[in-house]
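# Remarks on the overall topology
The lines below spell out each chain.
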Amino acid sequence: MSPVSLDRHFYERNTQVVAFELIGKVLVFKENGTKISGKIVETEAYFGAKDPASHAYRGMTPRNRVMFGAPGVSYVYFTYGNHHCLNVVTEKEGTAGAVLIRALEPMEGIELMKKRRGKANEEQLTNGPGKLTQAFGITREHSGINLTSGSFYIGETGDQEFLSIQTAKRIGISRAKDELLRFYLSTSDHVSVR
DNA sequence: TATTGGATCGCC
DNA sequence: GCGATCCAATAG
């Protein structure tokens, strides 16, 4: 059974709250009749004008435009000449904010993920922001898509499980390093860095 | 137009 | 620990 997608109101809140609550939700991506999905186990919050580590810190540019737009929309960017990173836009329209999806636990489409990643070990398929976009086949073409409906969305698992969520410093940034805006499922073997 | 550094990854 | 690799943003 497919999970029910989270609605706009879920994302139209404080970015930090959304980042925390996205832990345990399911990312679903259907393309060409193939369904790929995974449970979100690690996120980071990025604000706008008040966050020096955010792409939106210095205002709107062609790249970060969607961060200022409607909540619940994807923001995908390309970095380090090799990697794509997937975010979901937060806050009310006009206010910049996004949650970076950093790691997943693969659920469906594992064989395709292994093929794309060139890895046999399931734990290494989606345990990093660049790895999960490679495994899912997500690129800049998938930026600006509404994730509250359609074939690319985030939903509830339906499971009533207790989640032990840890808070930590964000990874791979040079400014605002000490902000505790990273969240991860402490019981997961699929988190990017321990 | 040129330069710089990056919300990463994988190999050394 | 470090190089790959390309693009966006900023400076000149």
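Now for a look at the structure at hand. Values in this document were obtained by computation on a predicted structure and should not be read as measured data.

Lining the immediate surroundings of DNA strand C are R58, T61, P62, R63, F78, Y80, G81, N82 and R140. When atoms of DNA strand C within 4 Å of the protein are split into backbone and base, the sugar-phosphate part holds 74%. One of the backbone N or O atoms of G81 is found 3.4 Å from a base oxygen in DNA strand C. Here a phosphate oxygen of DNA strand C sits 3.5 Å away from a polar atom, N or O, in the side chain of R140. Per-class residue counts for the surface near DNA strand C are three nonpolar, three polar and three charged.

Here we take up the protein's contact with DNA strand B. Y77, H83, N87, R117 and G130 are the nearest of the 21 residues found near DNA strand B. Close to the protein, within 4 Å, the atoms of DNA strand B belong to sugar or phosphate groups at a rate of 51%. Taking G172, its main chain carries an N or O atom lying 3.3 Å from a phosphate oxygen of DNA strand B. At the level of secondary structure, the elements contributing two or more residues to the surface near DNA strand B comprise β4 (83-89), β5 (98-108) and α4 (129-136).

Evaluated as defined, the whole model comprises four aromatic pairs. Seen in terms of ring centroids, F29 and F152 are 4.8 Å apart; in terms of plane orientation they differ by 70 degrees. Their pairing is edge-to-face. Residue F29 is found in strand β1 (residues 26-31), and its partner F152 is found in strand β6 (residues 152-155); the two are separated by 123 residues along the sequence. For F29, a relative accessible area of 4% gives the class buried. The exposure class of F152 is buried, given its relative accessible area of 3%. The ring of Y77 has R63 sitting right over it, with the charged end atom 5.9 Å from the ring centre.

What counts, and where the lines are drawn
Residues numbered from 1 in each chain as written. Chains lettered and ligands numbered in written order. Predicted model: local features only at pLDDT ≥ 70, side-chain atom pairs only at ≥ 80, totals over all residues. Heavy atoms only, no water. Near = heavy atom within 4 Å. Polar contact = N/O pair within 3.5 Å; in protein donor to acceptor, adjacent residues only side chain to side chain. Nonpolar A, V, L, I, M, F, W, Y, C, P; charged D, E, K, R; others polar. Helix = DSSP H or I, 4+ residues; strand = E, 2+ residues; numbered from the N terminus. Phe/Tyr/Trp six-rings, centres within 6.5 Å; stacked < 30°, edge-to-face > 60°. Buried < 20%, exposed > 50% of the residue type's maximum accessible area, 1.4 Å probe, protein only. Lys NZ or Arg CZ within 6 Å of the ring centre and 35° of its normal.

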